[in-house]
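Letter by letter, the chains look like this.
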Amino acid sequence: MALAALLAVMILATGCDGSSDPGGGGTTTTAAPPRDVAAIVADLNAYWTARDADLGFTYSPVPANRVGSPRDGVTCDGRPIDRAEVEGNAFVDPECREGILVAYDPAYIGSSLVRAEATMAHEWGHVVQAQARELDLSEDADGLPIDAELQADCFAGAWSAERAVSDLADLRRDTARAGDPHHVDLEDPDAHGTPQERATAFDVGVEGGPAACVDELIDALP
Ligand SMILES: [Zn+2]
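Every value quoted in this text rests on a predicted model; they were computed, and no experiment measured them.

### Some points on the coordination of the zinc ion
Here's step 1: Looking at the zinc ion, one finds its protein donor set to be H122 (NE2), H126 (NE2) and E149 (OE), positioned 2.0 to 2.1 Å from the metal centre.
Here's step 2: Here the donor residues of the zinc ion are spaced in sequence according to H-x3-H-x22-E. Here the residue H122 and the residue H126 both occupy positions in helix α5 (residues 113-131), the gap between them amounting to four residues, near one helical turn. Each member of the pair H122 and H126 is classed as buried.

Here it is as structure tokens:
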């Protein structure tokens, strides 16, 4: 209850953040990190600590000091997060000597609570994949990088259905919005899926929970 109350307060505090949508161009990477990222991270850690048994692995919470932006001194192999690499985006790097890194652009994440939740929930899908490689669909014999991306959307849907404090339909819309143009090749290493594929993957997680993202996702995709 305490966390729910805290999140409710944070919605009020950040509901009119006012940052521009980076999709419209002109992001400012000097924006302050959103106040709710720490709460979202804490909730994602709590969720995956509770639901790892569904997937048959033991989740290790990501320490708060391994989640950061180019502004706050978090490093990978001694180097700060590259501003250009993370601009308008977020990523997970599981290979850092200091421990797994979740990096984000505060201007992108800070544009709305929905954006922050949708983005971090997707990145936590990659955290789960990094901790349980055997679950990662892209590691299958005929797997592709896009399979890991759609599975991350599915894991994000599972968390969103149970835990997100903003509107589920908004989270789904934000996930689909970030989809590829239709001309991106399925085998493109940077492919994330079309808006329809991403929304479908998200829905599989919403409806079936984490296990469906391993057992049912590929068959459910359009
Ligand atoms: Zn991703």
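### Focus: the confidence of the model for the chain
Here's step 1: Mean pLDDT over the chain stands at 86; residues scoring 70 or higher make up 84%.
Here's step 2: Considering only residues more than four positions removed or in separate chains, one finds that residues 1-33, a stretch of pLDDT under 50, has 41 contacts.

### Here we look at the pairing of strand β5 (residues 101-104)
Here's step 1: Side-chain alternation along β5 places L101 and A103 on one buried face and V102 and Y104 on a second face that is also buried.
Here's step 2: Summarising the sheet, strand β1 (residues 67-68) and β5 pair through two bridges and their orientation is parallel. Residue pairing for β5: V67 is matched across the bridge by V102.
Here's step 3: Pairing geometry for strand β4 (residues 90-93) and β5, over four bridges, is antiparallel.

### Quick word on the packing of helix α6 (residues 145-163) against helix α8 (residues 195-215)
Here's step 1: Interhelical geometry of α6 versus α8 gives an angle of 70 degrees and a closest axis separation of 6 Å. As judged from the angle between their axes, α6 and α8 are roughly perpendicular. Helix-helix and strand crossings are classified by hand; for α6 and α8 the assignment is right-handed. Here I146, L150, Q151, D153, C154, F155, A156, G157, A158, S160 and A161 of α6 lie close against α8, whose contacting residues are E197, R198, A201, F202, V204, G205, V206, G209, P210, A212, C213 and V214.
Here's step 2: Partitioned by chemical class, the residues of the contact of α6 with α8 number 15 nonpolar, five polar and three charged.

### As for the sheet that holds β4
In a beta sheet, neighbouring strands are held together by backbone hydrogen bonds and run either parallel or antiparallel to one another.
Here's step 1: Spatial ordering of the open sheet is given by β1-β5-β4, a layout of three strands whose pairing is mixed. Two strands close off the open sheet at either side, each with one partner strand: β1 and β4.
Here's step 2: Sitting on the sheet, α5 is in contact with β1, β4 and β5, with an inclination near 20 degrees to β4.

### As for the packing of aromatic side chains
Here's step 1: The final tally for this structure, using the stated rule, is two aromatic pairs.
Here's step 2: Look at Y47 and W48: their rings are 4.9 Å apart centre to centre, the planes differ by 85 degrees, and that puts the pair in the edge-to-face class.
Here's step 3: Among the residues examined, Y47 registers a relative accessible area of 1% and is labelled buried.
Here's step 4: With centroids separated by 5.3 Å and ring planes inclined at 85 degrees, the aromatic side chains of W48 and F155 adopt a geometry described as edge-to-face. In this pair, W48 sits in helix α2 (residues 37-55) while F155 sits in helix α6, placing the two residues 107 residues apart along the sequence. An identical accessibility class is assigned to W48 and F155; each is buried.

### Topic: α2
Here's step 1: Relative to the 27 Å expected for 19 residues at 1.5 Å per residue, α2 spans 25 Å between its end C-alpha atoms, a close match to the ideal helical length.
Here's step 2: Along α2, the sharpest kink reaches roughly 40 degrees, centred on T49.
Here's step 3: For α2, the set of buried residues is V37, A39, I40, V41, D43, L44, N45, Y47, W48, R51, D52 and L55.
Here's step 4: Among the residues trailing α2, G56 stands out with phi positive, at a value near 75 degrees.

Rules behind the numbers
- Going along each chain's sequence as written, the residues are numbered from 1 onward.
- Residues qualify for local features only when their pLDDT is at least 70, as the model is predicted, and side-chain atom pairs are given and counted only at 80 or more; totals for whole chains, interfaces and linings, by contrast, use all residues.
- The side-chain numbers reported here are obtained from all heavy atoms of the structure, hydrogens and water having been left aside.
- Coordinating N, O and S atoms are those within 2.8 Å of the metal (3.2 Å for Na, K and Ca), and as water is not part of the atoms, a site may appear to have fewer donors than expected.
- Only runs of H or I of at least four residues qualify as helices and only runs of E of at least two qualify as strands under DSSP, and these elements are numbered from the N terminus.
- Partly exposed residues are those whose accessible area sits between 20% and 50% of the maximum for their type, while under 20% is buried and over 50% is exposed, using a 1.4 Å probe and protein chains only.
- Looking at any residue, its pLDDT shows the predictor's confidence there, from 0 to 100.
- Whether two residues are in contact is decided by their heavy atoms: any pair within 4.5 Å suffices.
- Only when DSSP finds a minimum of two bridges between them are two strands counted as paired.
- Axis angles are defined between N-to-C directions and span 0 to 180 degrees, where every axis is a line fitted to C-alpha atoms and, for a helix, only to the segment in contact.
- For classification purposes, angles smaller than 35 degrees are called roughly parallel, those larger than 145 roughly antiparallel, those between 65 and 115 roughly perpendicular, and all remaining angles oblique.
- It is the rotation of the near helix from the far one that decides the hand of a crossing: anticlockwise by less than a right angle makes it left-handed, clockwise makes it right-handed.
- Each residue is assigned to one class: nonpolar for Ala, Val, Leu, Ile, Met, Phe, Trp, Tyr, Cys and Pro, charged for Asp, Glu, Lys and Arg, and polar for all the others, Gly among them.
- Between rings of Phe, Tyr and Trp, where Trp is taken as its six-membered ring, a pair exists when centres lie within 6.5 Å; planes separated by under 30 degrees are stacked, by over 60 edge-to-face, and by other angles tilted.
- Expected helix span is taken as 1.5 Å per residue step, with the number of steps being one fewer than the number of residues.
- Across the chain, bend at a residue is computed as the angle between axes fitted to the seven residues ending at that point and the seven starting from it.

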